[in-house]
Amino acid sequence: MATIDRQTPTLALAHALAAAGRGLPVFPLSATKLPALRSPHRGKQPPTHCRGECGLPGHGVHDATTDPAAVRALFAAAPRATGYGIACGRAPHRLVGIDLDVDPAYGSDAAGALRQLALQHLFTIPPTVTVLTPSGGRHLWLTGPADATVPNSAGRLAPGIDIRGSGGYLVGPGSVTAHGRYRLAPGTAHLTPAPCPRALLRLLTPPPGRAPHTGTSPASGTASGPGTNTGTGTGTGAGAPATASRRGEGLIQFVLAAHEGQRNTRLFWAACRAYEHGFGDALADGLTAAAVRTGLPEHEARAAIASAARLTSGRGEERDGAA
């Protein structure tokens, strides 16, 4: 674990200035990965929805800038900052962050899930800047086009895959948090963020007329993933809603196709989709049987399904309250 000492804020500022020099808008973060400056509107009633129009610092990602003097001023106002955030979706790079988490509780294999999506939707992740997180995960940096707005999401594509887009931010390499240091992956420091593959971009952007479900925590990724269509021809499609039975069959086939190292992840993802679409309880036994056939112990399978049920019950409440 990285040590936080008197030199940490100085190093954080140096890393932030270097990033700003490459055209990446930055702002100071605390050791909790949250913005280091408190809002100047805290405690006001009614709440003020200001994104920096007041001219004062303390608006989180909306403070992000590439101007060196402004960066120094932000860090001077936050002397205990131990890291920096990089605003996504902003020109010139319009950064899109693919956050691949590691979750031992679910046997999460986010990198494997991304490879599965790449095979299913025929795209390849190009060599690009990659940041290693203290928890063992990684952030892939991609760039988006000027004519597309990528929303933030958590777990929408697959369990463990979070997306940082417009209004979101990534913890910059060199930052130190309470859990350790963020650092560039070997062999990627010389790279620039690669363009997001078009097929992946289509998965990240909601169809016209459909409001995106965004969030910054796993409980807020409320949209269905690419696919209740799991490549079996039984998923939902535009203009041709499938029955619960057909969708359930597709999810079961998705679980049956799991290899070792993917079983828990695929089961959890499929169970989340089933509960989100209202037939989780009806499909629970079928999903359990499919997982057991792949070699997953029954008690682990039922625990994963129960976790999916608990998670999506919270998501359902958020969807019901959405406009």
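Above this text you will find the structure in question.
This is a predicted model, so every value here is computed, not measured.

**Remarks on the packing of helix α1 (residues 8–21) against helix α2 (residues 68–77)**
Taken N-terminus to C-terminus, the directions of α1 and α2 make an angle of 155°; their axes are 10 Å apart at the nearest point. Relative to α2, α1 is oriented roughly antiparallel. Considering how the two elements wind past one another, α1 and α2 form a crossing that is right-handed. Contacts between α1 and α2 involve A12, L13, A16, L17 and A20 on the former and, on the latter, P68, V71, R72 and F75. Taken together, the residues of the contact of α1 with α2 break down into eight nonpolar, no polar and one charged.

**Considering helix α7 (residues 280–293)**
Taking 1.5 Å of rise per residue, the 14 residues of α7 would be expected to cover 20 Å, and the 19 Å separating its terminal C-alpha atoms lies within 8% of that figure. Of all the bends in α7, the greatest measures close to 25° and is centred on G286. Among the residues making up α7, those that are buried are G280, L283, A284, L287, T288, A290 and A291. Backbone geometry just downstream of α7 places G295 in the positive-phi region, at approximately 110°.

**A word on the pattern of salt bridges**
If the charged atoms of two oppositely charged side chains come close together, the side chains can form a pair. Evaluation of the coordinates by the stated rule reveals three salt bridges. Close ionic contact of D162 with R164 constitutes a salt bridge, the shortest N to O distance being 3.9 Å. Of the two residues examined, D162 and R164, each falls in the buried class. Between E298 and R302 there is a salt bridge, with its nearest N and O atoms 3.1 Å apart. Of this pair, E298 and R302 both sit in helix α8 (residues 298–320), four residues apart, which is roughly one turn of that helix. For E298, a relative accessible area of 45% corresponds to the partly exposed category. Via salt bridges that share partners, D285, E298 and R302 belong to a single interconnected network.

**Let's talk about the packing of helix α6 (residues 263–276) against α7**
Taken N-terminus to C-terminus, the directions of α6 and α7 make an angle of 165°; their axes are 9 Å apart at the nearest point. Taken together, the axes of α6 and α7 are roughly antiparallel relative to one another. Seen from above, α6 lies across α7 with right-handed handedness. Contacts between α6 and α7 involve L267, A270, A271, A274 and Y275 from the first element and G280, D281, L283, A284, L287 and A291 from the second.

**Focus on the side chain of T133**
Examined against the element boundaries, T133 turns out to sit in the loop between β4 (130–132) and β5 (138–143). The exposure class of T133 is buried, given its relative accessible area of 11%. Side-chain polar atoms of T133 contact the backbone nitrogen of G137, separated by 2.9 Å. For T133, the contacting residues outside a window of four places in its chain are R138, H139, R181 and Y182.

**Here we look at the environment of D63**
Tracing the chain through its elements places D63 in the loop between β1 (26–29) and α2. Classification of D63 as buried rests on a relative accessible area of 14%. Residues D63 and P25 lie 38 residues apart in sequence; the distance between their C-alpha atoms is 8.7 Å. Within the structure, the side chain of D63 is placed 2.8 Å from the backbone nitrogen of G58, a separation counted as a polar contact.

**What about the sheet that holds strand β2 (residues 83–87)?**
Taking strand neighbours across the sheet as the criterion, the three strands line up as β1-β2-β8 in an open arrangement whose pairing is antiparallel. With partners counted over all chains shown, the strands left at the sheet margins are β1 and β8 (169–171), one partner each. Along the sheet, successive strands turn relative to each other by an average axial angle of 35°, direction set aside. Here α1 sits on the sheet and contacts β1 and β2; the angle it forms with β2, its principal contact strand, is near 20°. Contacting β1 and β2, α2 crosses the sheet at an angle of about 10° to β1.

**What about the nonpolar core?**
Ranked by size, the top nonpolar core spans 46 residues in total, and within it I98, I161, L200, L204, L267 and L287 carry the most contacts. With eight residues, the single largest contributor to this core is α6. Apart from the residues within four sequence positions on either side, L287 is in contact with L251, I252, V255, L267, A270, A271 and I305. Counting residues in hydrophobic clusters, the runner-up holds 28 residues, among them F27, L95, V129 and Y182.

Conventions and cut-offs
Residues numbered from 1 in each chain as written. Predicted model: local features only at pLDDT ≥ 70, side-chain atom pairs only at ≥ 80, totals over all residues. Heavy atoms only, no water. Axes fitted to C-alpha atoms, helices over the stretch in contact; angles between N-to-C directions. Helix = DSSP H or I, 4+ residues; strand = E, 2+ residues; numbered from the N terminus. Parallel < 35°, antiparallel > 145°, perpendicular 65-115°, else oblique. Left-handed = near helix turned anticlockwise from the far one by under 90°. Contact = heavy atoms within 4.5 Å. Nonpolar A, V, L, I, M, F, W, Y, C, P; charged D, E, K, R; others polar. Expected span 1.5 Å × (residues − 1). Bend = angle between axes of the 7 residues up to and from the residue. Buried < 20%, exposed > 50% of the residue type's maximum accessible area, 1.4 Å probe, protein only. Salt bridge = Lys/Arg side-chain N within 4 Å of Asp/Glu carboxyl O. Polar contact = N/O pair within 3.5 Å; in protein donor to acceptor, adjacent residues only side chain to side chain. Pairing = 2+ DSSP bridges. Core = buried A, V, L, I, M, F, W, Y, C linked by side-chain atoms within 4.5 Å.

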